[in-house]
Amino acid sequence: MSRGHTCISRTMKSYQKLTAAQPAACRVEEEGAAPVPSGHGKLAPWWVGSGLLVAAVLLSTITVWVLRQVSGGWLGPTAPPKCLVVPESHRFDCYPERRVVVTQELCESRGCCFIQSPPLAEGKQGVPWCFYPPDFPSYTLESLNQTALGMVGLLVRREKAYYPRDIQKLRLDVEFETDTRLHIKITDAANPRYEVPLDVPRVMKRAENPIYSLNFSWDPFGVVLQRKATGTVLLNTTVAPLIFADQFLQISTSLPSRFLYGLGEHRDTFLHSLDWNTLTLWARDVSPTESFNLYGAHPFYLLMEEGGNAHGVFLLNSNAMEVALQPAPGLTWRTIGGVLDFYIFLGPDPNMVIQQYQQVIGFPAMPPIWALGFHLCRWGYGSSNETWQTVRAMRNYQIPQDGQWNDIDYMDGYRDFTLDSQKFASLPSLVEDLHKHGQRYVMILDPGISSTSPHGSYWPFDEGLRRGLFLNTTQGQPLIGQVWPGFTAFADFSNPDTHQWWLENLQHFHAHVPFDGLWIDMNEPSNFMDGSEDGCPPGELDNPPYTPAVLGDSLSAKTVCASAKQKVSVHYNLHNLYGLMEAKATASALIRIRGKRPFLISRSTFPSQGRYSGHWLGDNRSQWKDMRYSIPGLLSFSLFGIPLVGADICGFSGSTSEELCTRWMQLGAFYPFSRNHNTQNEKAQDPTAFSPAARTAMKDVLLTRYSLLPFLYTLFHRAHLQGDTVARPLFFEFPQDEATWELDRQFLWGQSLLVTPVLEPGVDSVTGYVPQGTWYDFYTGSSVNSSGEMLKMSAPLEHLNLHVREGSILPTQKPGTTTEATRGNPLRLIVALSSHATAWGDLFWDDGESLDTFEKGNYSYVVFNVTQNIFTSTVLHASTEATKVTVGTLSIFGVQKPPSKVLLNGQEKPFSYLDNQVLNVSDLGMSLSQGFSLQWL
């Protein structure tokens, strides 16, 4: 079996890792042979170096006495030696239930070790008092056989665990899908179970040269995964028992480092703390708050290994879940349904990990270019005329704007697909006016459908009821909750018939108000009641044996009953998919209605969401802290394959200040999705509402964004094509530089544009990390040479620091006030020479909104290159769109000495050379569709 490199160890009875350096107790089998358990009792190499001495098992009474002194008497009655050998950081929680005071009696009833440790401050978790002993019963790997793609095994549990309906026999499927992707699935060997209805790639043949090796422990069963090149152990599930009951599935692993990211959606630093930190995944409508489960569920993490390699792990499971992190470093997945379906991505660099993840969940959709313009919204414009006044004021000051949005106040009684005929009577005219000015209109939609209108007066509900398209109670009646319009039923987007009904509703409304994009909100789904107007029925769906640490302590808190029936399954299984399924229906309806690329933004998200929608980070507040937290939010969604992401600029709730809003507009101009949004009853916070100085600063930074649209659009093309990130953490480009691993107050666009925003009040400078190399000031071209250090940068209120990385070429364009106006303007190519005087860049160009332009070949792709003082533009693929655009200017940063002459395709051209080593050549007038060269001598 040399290709899979699986080896087996038979004799490991203990979960804790022991220090030993003997050879592995396994042999690598020949291709096609079934693995044979080895007979010798030597310890396998993954036990090496964990800092636990075998001798610790033979603790003397003196050691116990010392432990008691050190712990200040917190041990209580002396625990058995097998418990005392487990260091605090390696104690895996045997009693994770919240709101329970865990006593020795409760703990020992589960067969676990009980050692008290000092209590922590309110709300903080610490070392578990109740934890698994090394000999806690788990599953045994009874058999393991080769398959075409990997292996299939049988796992058997001889002793029941402590949750009801323990599953005694499990099937283990291992597939070596690619050289960098491993698929491990554990499910009930006898009965089918719910699995996430997500299309995943099916491989036809086993990987030839995987960069990983997989080992098994037979008894207790465990998986040990190593990176071949370094020997690093990426997963070791022998550290705690596997539990697989009907409504409680748990598996733990050691981690090779503490540098772990992902596991959304949460408000947190980008790098998660492993200090007894539990992250819950259960879609919930709540203002972003630390430690709460938020709007979306993303059971995926990225981990940086020592030396700069990276790997990722995805648990394809949509049930309520929590992930417990601990300082060992270790991690425990706990979910209350479905199966354990893991994909492991081996990178080896972080960019590749995210690409490999998206090869499984799907690459993001290509947005229309207008989606990348600036968007303006608020709840509480009050009328279409007031909305229109804001649009006119923006035009009046010539501030860039592509999208004007409305929140729920446009509706009649907050009911979907209706219009307030008094206050929003002029909305169709406003939309027509926006279109005339090359702008777009986006409106909000909620999934709760008003159920109280007189029969025959509200088609969306009547028709949905007639066709049976709503979530039902266990009694088979529509489940009624309460949202903005009052009592509502909830559309069941797991039913294909609902997609058709949704389309028809949107078609009716579009005939009246020809919207361009949609904003789907409240789709966790949110409910102002817990469960329904009648509460939730008794039973193990609404009251499971174990409830993860969800806000509100109940699965139905501010949402519908978990027992609600949907077409595909019960809501218990589908809750976290609600936003994804609605986005799928909405994107498909937009394509049918407009025949162009759909644009939509969703609040609730799940893996593969990027194929259908973008995301905004929810109902934030107008506070400096919220602005700071938006960067980790942005970067996390980059990992999740949803590059079109941003936060409400200047904050949604609460009152902003001019300084905060100016700084936030500067940062927000570099959110991939850039929208200023505000709540009702707060003063206006659009750029026109401020002093001339602030307004000008906001306008300037938006013009900078618009000038960079060709670069940004090309980044989105690369995301769509191969899963590259758009907003990118610094360590993705500098994985060898550990100083970058914790940075989340700066970010890159792609490989080459460094954004260093001001995130504090009352300052006129900012300190940011500048990775090793030469960086150029985006505005002036002056160079900064860094050894990889924190540098203080001047940052007056009107200035955002942007730096261009050496060796890159950024396609920019003279900005207009809309993407449409900008697209016709000449290009300016910014060349940032490396220390070897080379540079590279590219540009993807199409009509900006047609479907599948790349797939159909209706695009241009141009590559720019500099070597030996010659710039070349090479057209690799051409379309008619490129003939409408010219390259006007070339700005070359880092030209060491003044040239004597400049030649464009061999003809002399005038140029200017500045003493900060910037060479400018303008009036080039070259069509983008024609290759050309420019030489300086």
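Residues numbered from 1 in each chain as written. Predicted model: local features only at pLDDT ≥ 70, side-chain atom pairs only at ≥ 80, totals over all residues. Heavy atoms only, no water.

(A) Structural detail: the overall build of the chain. Broken down by element type, the chain carries 17 helices and 51 strands. Against the 2.2 N^0.38 benchmark of 30 Å for 937 residues, the chain shows a C-alpha radius of gyration of 29 Å, consistent with a compact globule. When the backbone C-alpha atoms are referred to their principal axes, the chain occupies close to 85 × 75 × 55 Å. Residues classed as buried in the chain amount to 63% of the 937 residues present. For the chain, contacts bridging at least 24 residues in sequence account for 70% of all contacts bridging at least 6. When the accessible surface of the chain is totalled, it reaches about 32700 Å², and 51% of it is carbon and sulfur. Across the chain, the mean location of the 72 positive side-chain charges is 3 Å away from that of the 89 negative side-chain charges. (Helix = DSSP H or I, 4+ residues; strand = E, 2+ residues; numbered from the N terminus. Rg over C-alpha atoms; globule rule 2.2 N^0.38 Å. Buried < 20%, exposed > 50% of the residue type's maximum accessible area, 1.4 Å probe, protein only. Contact = heavy atoms within 4.5 Å. Areas by Shrake-Rupley, 256 points an atom, 1.4 Å probe, with all protein chains shown as cover. Lys, Arg positive; Asp, Glu negative; His and termini not counted. Charge placed at Lys NZ, Arg CZ, Asp CG, Glu CD.)

(B) The state of the cysteines, seen in detail. Applying the stated criterion across every chain, the model contains five disulfides. Each disulfide pairs two cysteine sulfurs, and for cysteine 650 the partner residue is cysteine 661, the sulfurs being separated by 2.0 Å. Its torsion about the S-S bond being 85°, the disulfide of cysteine 650 and cysteine 661 is classed as right-handed. Separated by eleven residues along the polypeptide, cysteine 650 in the loop between strand 30 (648-649) and helix 12 (658-668) and cysteine 661 in helix 12 bring together distant segments of the chain. (Disulfide = S-S within 2.5 Å.)

(C) Geometry of the environment of proline 826. Relative to the helices and strands, proline 826 resides in the loop between helix 16 (819-823) and strand 41 (827-832). You can call proline 826 partly exposed: its relative accessible area is 37%. Put simply, proline 826 and leucine 235 are 591 residues apart on the chain and 52 Å apart in space, counted from C-alpha to C-alpha. Beyond its immediate sequence surroundings of up to four residues, proline 826 is in contact with Gln813, Lys814, Thr886 and Gly888.

(D) Spotlight on the packing of aromatic side chains. Tallying each qualifying case throughout the model produces 50 aromatic pairs. Plain terms: the ring middles of phenylalanine 270 and phenylalanine 731 are 6.1 Å apart, the flat faces sit at 25° to each other, and that makes the pair stacked. Of this pair, phenylalanine 270 sits in the loop between strand 13 (259-264) and strand 14 (277-281) while phenylalanine 731 sits in helix 15 (residues 730-733), and the two are 461 residues apart along the sequence. Across this residue pair, the class does not change: phenylalanine 270 and phenylalanine 731 are buried. With 5.4 Å between their ring centres and 80° between their planes, phenylalanine 417 and tryptophan 502 make a pair best called edge-to-face. (Phe/Tyr/Trp six-rings, centres within 6.5 Å; stacked < 30°, edge-to-face > 60°.)

(E) Structural context of the nonpolar core. The biggest cluster of nonpolar side chains holds 233 residues, and the ones touching the most others in it are Trp333, Phe670 and Phe871. The biggest single contributor to this core is helix 10 (residues 578-594), with nine residues. Ignoring any residue separated from it by four or fewer positions in sequence, one finds phenylalanine 670 in contact with Val701, Thr704, Arg705, Leu708, Phe747, Trp749, Leu753, Val755, Leu800 and Leu802. Counting 26 residues, the second largest nonpolar core, distinct from the first, contains Phe114, Ala245, Ala320 and Leu555. (Core = buried A, V, L, I, M, F, W, Y, C linked by side-chain atoms within 4.5 Å.)

(F) Structural detail: the sheet that holds strand 23 (residues 448-450). Spatially, three strands are ordered 23-25-24 in an open sheet, and the strand pairing comes out antiparallel. Every other strand in the sheet has two partners, leaving strand 23 and strand 24 (481-483) as the edge strands with one partner each. Within the sheet, the average angular offset between the axes of one strand and its neighbour, ignoring direction, is 60°. In terms of strand pairing, strand 24 meets strand 25 (residues 486-490) through three bridges, oriented antiparallel. Bridge pairing in strand 25 places glutamine 482 opposite phenylalanine 487. (Pairing = 2+ DSSP bridges. Axes fitted to C-alpha atoms, helices over the stretch in contact; angles between N-to-C directions.)

(G) Quick peek at the environment of alanine 297. Among the secondary structure elements, alanine 297 is positioned in the loop between strand 14 and strand 15 (298-304). Sequence separation between alanine 297 and aspartate 179 is 118 residues; the distance between their C-alpha atoms is 28 Å. Those residues in contact with alanine 297 that lie beyond four places of it in its chain are Gly264, Glu265, Leu281, Asn576, Thr605, Phe606 and Pro607.

(H) Examining helix 13 (residues 692-707) more closely. Compared with an ideal rise of 1.5 Å per residue, which puts 16 residues at 22 Å, helix 13 spans 22 Å between its outermost C-alpha atoms and is within 8% of the ideal. Taken as a whole, helix 13 has its buried residues at Ala694, Arg695, Ala697, Met698, Val701, Leu702, Thr704, Arg705, Tyr706 and Ser707. (Expected span 1.5 Å × (residues − 1).)

(I) Structural view of the packing of helix 13 against helix 14 (residues 709-722). One way to put it is that helix 13 packs onto helix 14 with a least axis distance of 5 Å and a crossing angle of 55°. By the angle class used here, helix 13 and helix 14 are oblique. For the pair helix 13 and helix 14, the contacting residues are Arg705, Tyr706 and Ser707 in the first and Leu709, Pro710 and Leu712 in the second. Partitioning the contact of helix 13 with helix 14 into residue classes produces four nonpolar, one polar and one charged. (Parallel < 35°, antiparallel > 145°, perpendicular 65-115°, else oblique. Nonpolar A, V, L, I, M, F, W, Y, C, P; charged D, E, K, R; others polar.)

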